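# Analysis of the macromolecular model
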Amino acid sequence: SSGINAEYGGQQQDSLTSSQTHKPPQRERTALTSQLPTTQSDPQKEKEMSERVKILAGNAHPELAQEIAKYLGVALGKADVGKFSNGETSVMISESIRDMDVFIIQPTCNPNVNDNLMELLVMADAIKRASAKRITAVIPCFGYARQDKKDKSRAPITGKLVANLIETAGIDRVITMDLHASQIQGFFNIPVDNLYAEPLIVKYIRKSIPGEKVIVSPDAGGVKRAKLISDKLGAELAIIHKERRKAGEVSEMILVGDVRDKVALLVDDMADTCGTLATAAELLISKGASGVYALVTHGVLSGPAIDRINNSGLAELVITNSIPHAEKADKCPKLKTISISHMLAEAIRRTHHGESISSLFTDHK
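Please read all numbers here as calculations on a predicted model, not as lab measurements. (Residues numbered from 1 in each chain as written. Predicted model: local features only at pLDDT ≥ 70, side-chain atom pairs only at ≥ 80, totals over all residues. Heavy atoms only, no water.)

### Remarks on the packing of helix α6 (residues 198-208) against helix α7 (residues 223-233)
Contact geometry for α6 and α7: axes closest at 10 Å, N-to-C directions at 45°. It follows from the interaxial angle that α6 and α7 lie oblique. You can see that α6 and α7 cross each other, and the crossing is right-handed. Residue-level contacts link E198, I201, V202, I205 and R206 of α6 to L228, I229, K232 and L233 of α7. Its residues assigned to classes, the contact of α6 with α7 comprises 6 nonpolar, no polar and 3 charged. (Axes fitted to C-alpha atoms, helices over the stretch in contact; angles between N-to-C directions. Helix = DSSP H or I, 4+ residues; strand = E, 2+ residues; numbered from the N terminus. Parallel < 35°, antiparallel > 145°, perpendicular 65-115°, else oblique. Left-handed = near helix turned anticlockwise from the far one by under 90°. Contact = heavy atoms within 4.5 Å. Nonpolar A, V, L, I, M, F, W, Y, C, P; charged D, E, K, R; others polar.)

### Here we look at unusual backbone geometry
Between N110 and P111 the backbone carries a cis peptide bond, its omega angle lying at 10°. At S131, a position not held by glycine, the phi torsion is positive, near 70°. As for its position among the elements, S131 is in the loop between α4 (113-129) and β6 (134-139). Non-glycine residue C274 carries a positive phi angle of around 70°. With respect to the secondary-structure elements, C274 resides in the loop between β12 (263-271) and α8 (275-286). Overall, the relative accessible area of 5% leaves C274 in the buried class. (Buried < 20%, exposed > 50% of the residue type's maximum accessible area, 1.4 Å probe, protein only.)

### Here's the deal with the pairing of β12
Here is the key point about a regular strand: its side chains alternate between the two faces of the sheet. Across the 9 residues of β12, 9 count as buried, placing the element largely inside the fold. Once you follow β12 into α8 and on to strand β13 (residues 291-299), the crossover reads as right-handed. (Right-handed = clockwise from strand over helix to strand, strands pointing away.)

### So, the packing of helix α2 (residues 43-52) against helix α11 (residues 341-353)
Running from N to C, α2 and α11 point in directions that differ by 95°, and their axes come no closer than 11 Å. Judged by the angle between their axes, α2 and α11 are roughly perpendicular. Residue-level inspection shows K45, E48, M49 and R52 of α2 in contact with α11, the latter providing I348, R349, H352 and H353. Residue composition of the contact of α2 with α11, by class: 2 nonpolar, 2 polar and 4 charged.

### Considerations on the pairing of strand β9 (residues 213-217)
Across the 5 residues of β9, 5 count as buried, placing the element largely inside the fold. Here β9 shows no split at all, with K213, I215 and S217 on one side and V214 and V216 on the other all buried. In this sheet, β12 lies alongside β9 in parallel orientation, the contact comprising 4 bridges. Following the sheet pairing, V216 is matched in β12 by L266. (Pairing = 2+ DSSP bridges.)

### Thoughts on the nonpolar core
Formed by 44 residues in total, the largest nonpolar core has its most connected members in I55, L195, L295 and I348. Non-local contacts of I348, meaning those with residues more than four positions away in its chain, are made with M49, I55, I68, L72, F103, I105, V138 and I175. The next biggest cluster of nonpolar side chains, apart from the first, holds 34 residues, and it includes I127, V174, A181 and V192. (Core = buried A, V, L, I, M, F, W, Y, C linked by side-chain atoms within 4.5 Å.)

### Considerations on the packing of aromatic side chains
In the structure shown here, the tally under the stated rule is 2 aromatic pairs. Ring centres 5.5 Å apart and planes at 75° place the aromatic pair Y196 and F361 in the edge-to-face group. Placement of the pair is Y196 in the loop between β8 (192-195) and α6 and F361 in helix α12 (residues 359-362), with a sequence separation of 165 residues. Look at Y196 and you get partly exposed, because its relative accessible area is 35%. Judged by relative accessible area, which is 14%, F361 ranks as buried. (Phe/Tyr/Trp six-rings, centres within 6.5 Å; stacked < 30°, edge-to-face > 60°.)

This is the structure:
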């Protein structure tokens, strides 16, 4: 640490330690976790894991990292991650990780997408130079995933650029959840495990939402996701066709399907400004739905999202904790949270032991 400060002319680091204790949000939340299939406890494997696995985290979501480490029964690794006074990212790994299997918990999400991405890359470089055996990036919410194609002239494909940066930094494997498009896995030349929040969402619906249900996809791109959930629940499927004037602004919505006297459940991978969800809720209520719920994996909730949710016809907006949102939850009583920490922790455990991750979902039917 002193060497780095000397190199930067004695600049002071405003560093946050990923191993510090973080207070949980004061507002009570729904912390529903799935009953994940696990192999029988093996004391020898558990001992080996505690000695050979290291969980590190940046500043994107330290609470989630703590939950994952607790589930695995390992201590969160010591790493100082912050910024120098000139704004550059500062990383110092404070313990030996030589020949260890290292997992970095770091969603590249808002409110500081670029800072979180840079922390991930610098941490990976530091870990690689510290002679770690393998580096796995656990990125519950993959930033820039919506910039996955060249949809107009002179537009970048930033999702591919981010994939290149992650590989160049020395990361050997990526674990993520509900990518905006599954094809993003093809941007990488390293293994990518794309987990699904669907089992958690199905469990929440069965436990917490009564009545006859209809699953609604808010756009054509989410039909496959909605169909999987409707099949598991034995519910009907409806689709909303939407036309956009520009990104984040919907001009017209058309409902395909019957929602009259049923509880309509909107399912999607991401809720950003929530304009689509608010407009869809109004449409479904006008078509006779007895209630409208939205269940979304990634709660970005940027801009006017909270006001739109509070003023909308939605009974609840159910999201996972792939992105930290404690402050927003305090302002929105309709917001409910499903914890994904156990699913990510089980994926980490299986990755380390060379076990199947797909069986997390095939065994959960």
